[in-house]
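Single-letter residue listing:
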Amino acid sequence: MKSEGRHITVCVCTFRRPEMLRRLLGEVERQRTDDRFTHSIVVADNDREQSSRSVVAEFARKSPVEATYCSEPRQNIALARNKALEHAKGDYIAFIDDDEFPASDWLLIMLKTCEDYQAAGVLGPVRPHFDRPPPRWIIAGRFCERPEHPTGRVMDWEECRTGNVLFRREILDGEPLAFKPEFGSGGEDKDFFMRMTQRGLVFRWCNEGLTYETVPPSRWKRSYMLNRALLRGKNILKHPQGRIKLLAQSFVAAPLYAAMLPFTLLFGQHVFMKYCIKFCDHLGRILAWLGFDVVGGRQT
């Protein structure tokens, strides 16, 4: 299948990150196309005060890349994703988070991989970017790194997310709501990929389709990491598949990790924090199952 004439809409959902959004828009504008595709941008602002409207308007005035601004005042990431899709056009849709920015050949490589493998979509790596050096224990613990895979690997739905993904627009045909609002603060992307793979669609990995996540000092805090782990544990139970197994694992793992924590201090701060995060992942599941909501939405 040839790529010439293809159009990609890059969808960005944003919430009160104007400077990060400005960087992202600039890098999307500078994407290499090699005359194989055209691209546009849709920004869905999930802030009722529309704090990103001026950023997008300024970009749109100066850029040759078409940029569309839309607002979803109800704070719900699934609703924001659906709002972006309402304004998307073309043959392919890419999602990238507002705290990320892509390599210059990101879309070119993602498109080529998707078509070479005739996949429904491809996912790529998100690597950390620090504007200034973080504490040594952050690097030693690899807290900001995510799993990567060989290019072409078939992805299980549980491994999929929308931080760096490109998929064929046609897979949304017959889907009145691609992302389900009931997931609220997170988990809507895994639900999306679960439903897509249940239809027989195949998503593959593209390890050369690079994006980078800006990791500001606010995310170096232990409180941020533990809050994020609790939220991750809470969100994973929103999926009906495997709930009993996950809960059984957590009821065994949580007390074991809690007992180990004092001893991990002997091996350094990064080891201690790694096990604190594991403990909070499991504790988040248990608390969610018991009906306790100890953490709200994801911190910025």
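As the structure is a computational prediction, the values presented were derived from the model and not from experiment.

**Student:** Which residues make up the overall build of the protein, and what values do they have?
**Tutor:** For the protein, the count of helices and strands is 9 helices and 10 strands. Along the first, second and third principal axes, the C-alpha set of the protein runs to 60 × 45 × 40 Å. Considering the protein as a whole, with its 300 residues, one finds that 51% of them fall into the buried category. In the protein, the share of contacts with a sequence separation of at least 24, taken over all contacts with a separation of at least 6, comes to 81%. For the protein, the centre of its 45 positive side-chain charges and the centre of its 38 negative side-chain charges are spaced 5 Å apart.

**Student:** Go over the layout of surface pockets, please, and point to the residues and values.
**Tutor:** As a volume, the second largest pocket reaches approximately 220 Å³. At 5 residues, helix H3 (residues 77–87) tops the list of elements feeding residues into the lining of the second largest pocket. When grouped by side-chain class, the residues that make up the lining of the second largest pocket number 8 nonpolar, 1 polar and 6 charged.

**Student:** Quick rundown of empty space enclosed by the protein? Include the residues and the values.
**Tutor:** This model, assessed by the stated rule, comprises 1 cavity of 30 Å³ or more. Quantified by volume, the largest cavity comes out at close to 40 Å³. Leu 230, Lys 234, Gly 284, Leu 287, Ala 288, Phe 292, Asp 293, Val 294 and Val 295 are the residues that line the largest cavity. The set of elements that each furnish at least two residues to the lining of the largest cavity consists of helix H7 (222–236) and helix H9 (269–290). Class assignment of the residues belonging to the lining of the largest cavity gives a composition of 6 nonpolar, 1 polar and 2 charged.

**Student:** Could you give me a rundown of H7, with the residues and numbers involved?
**Tutor:** Under the 1.5 Å per step criterion, the end-to-end length of H7 is 21 Å for 15 residues, consistent within 8% with the ideal 21 Å. Taken together, the buried positions of H7 are Tyr 224, Met 225, Asn 227, Ala 229, Leu 230, Leu 231, Gly 233, Lys 234 and Asn 235. Of the surrounding secondary structure, the elements contacted by the buried residues of H7 are helix H5 (136–141) and H9.

**Student:** Lay out the sheet that holds strand E7 (residues 126–129) in plain terms, naming residues and giving numbers.
**Tutor:** With mixed pairing, 3 strands are arranged side by side in an open sheet as E5-E10-E7. Where the open sheet ends on each side, the last strands, each with one partner, are strand E5 (100–102) and E7. Within the sheet, the average angular offset between the axes of one strand and its neighbour, ignoring direction, is 35°. Strand direction decides the pairing type here: E7 and strand E10 (residues 211–214), joined by 4 bridges, are parallel. When the sheet's bridge partners are listed, His 129 is paired in E10 with Thr 214. Docked against the sheet, helix H1 (residues 18–29) engages E5, E7 and E10, running at close to 15° with respect to E5.

**Student:** I'd like a rundown of the packing of helix H8 (residues 243–264) against H9, residues and numbers included.
**Tutor:** Their axes nearest at 8 Å, the elements H8 and H9 cross at an angle of 145°. Two packed elements cross with a definite hand, and for H8 against H9 that hand is left-handed. Its residues assigned to classes, the contact of H8 with H9 shows 16 nonpolar, 4 polar and 3 charged.

**Student:** Let's hear about the nonpolar core: which residues, and what values?
**Tutor:** Counting residues in each nonpolar core, the largest one holds 29 residues, and the members touching the most others are Phe 95, Phe 167 and Phe 192. Counting residues per element, the ones that place at least two in this core are strand E1 (6–14), strand E2 (37–45), H3, strand E4 (92–96), strand E8 (164–168), helix H6 (188–198) and strand E9 (203–205). What Phe 167 contacts, discounting residues up to four positions off in sequence, is Asp 91, Tyr 92, Ile 93, Phe 95, Ala 120, Gly 121, Leu 172, Phe 192 and Phe 203. Within the second largest apolar cluster, 28 residues are counted, among which are Tyr 92, Leu 107, Cys 114 and Leu 166.

**Student:** So what's going on with a nonpolar patch on the surface? Which residues, and what values?
**Tutor:** On the surface, Phe 251, Trp 289, Leu 290, Phe 292 and Val 294 cluster together into a nonpolar patch covering about 550 Å² of accessible area. Mapped onto the secondary structure, Leu 290 falls in helix H9. Judged by its relative accessible area of 46%, Leu 290 falls in the partly exposed class.

**Student:** Requested: an account of the pattern of salt bridges, with residues and values cited.
**Tutor:** This structure, assessed with the given rule, holds 25 salt bridges. Residue Arg 16 pairs with Asp 47 through a salt bridge whose shortest N-O separation is 3.4 Å. With Arg 16 in the loop between E1 and H1 and Asp 47 in the loop between E2 and helix H2 (53–62), the pair connects residues that are 31 residues apart, well separated along the chain. For Asp 47, a relative accessible area of 1% puts it in the buried group. Where Lys 83 meets Glu 86, a salt bridge forms, and the shortest distance between an N and an O atom there is 3.7 Å. Within this pair, Lys 83 and its partner Glu 86 are both found in helix H3, separated by 3 residues, close to a single helical turn. Linked through salt bridges whose partners overlap, the residues forming this network are Arg 17, Asp 98, Asp 99, Arg 146, Glu 213 and Arg 219.

**Student:** A description of the sheet that holds E2 should follow, citing residues and the corresponding values.
**Tutor:** Read from one edge to the other, the open sheet built from 7 strands follows the order E3-E2-E1-E4-E8-E6-E9, with strand pairing classed as mixed. What marks the edges here is a single partner per strand, and that holds for strand E3 (67–71) and E9. The sheet shows a mean angle of 20° between the axes of neighbouring strands, taken without regard to direction. Examined bridge by bridge, strand E6 (residues 121–123) and E8 share 3 bridges and lie antiparallel to one another. The partner of Leu 123 across the bridge, within E8, is Val 165.

Calculation rules
Residues numbered from 1 in each chain as written. Predicted model: local features only at pLDDT ≥ 70, side-chain atom pairs only at ≥ 80, totals over all residues. Heavy atoms only, no water. Helix = DSSP H or I, 4+ residues; strand = E, 2+ residues; numbered from the N terminus. Buried < 20%, exposed > 50% of the residue type's maximum accessible area, 1.4 Å probe, protein only. Contact = heavy atoms within 4.5 Å. Lys, Arg positive; Asp, Glu negative; His and termini not counted. Charge placed at Lys NZ, Arg CZ, Asp CG, Glu CD. 1 Å grid on protein atoms, 1.4 Å probe; cavity = no way out; pocket = protein on both sides within 12 Å on 5 of 7 lines; lining within 4 Å. Points joined across faces, edges and corners; volume = space filled by probe spheres on them. Nonpolar A, V, L, I, M, F, W, Y, C, P; charged D, E, K, R; others polar. Expected span 1.5 Å × (residues − 1). Pairing = 2+ DSSP bridges. Axes fitted to C-alpha atoms, helices over the stretch in contact; angles between N-to-C directions. Left-handed = near helix turned anticlockwise from the far one by under 90°. Core = buried A, V, L, I, M, F, W, Y, C linked by side-chain atoms within 4.5 Å. Patch = residues over 30% accessible without salt bridge, like charges linked within 9 Å, V, L, I, M, F, W, Y side chains within 5 Å. Areas by Shrake-Rupley, 256 points an atom, 1.4 Å probe, with all protein chains shown as cover. Salt bridge = Lys/Arg side-chain N within 4 Å of Asp/Glu carboxyl O.

Shape is all these values report; function is a separate question.
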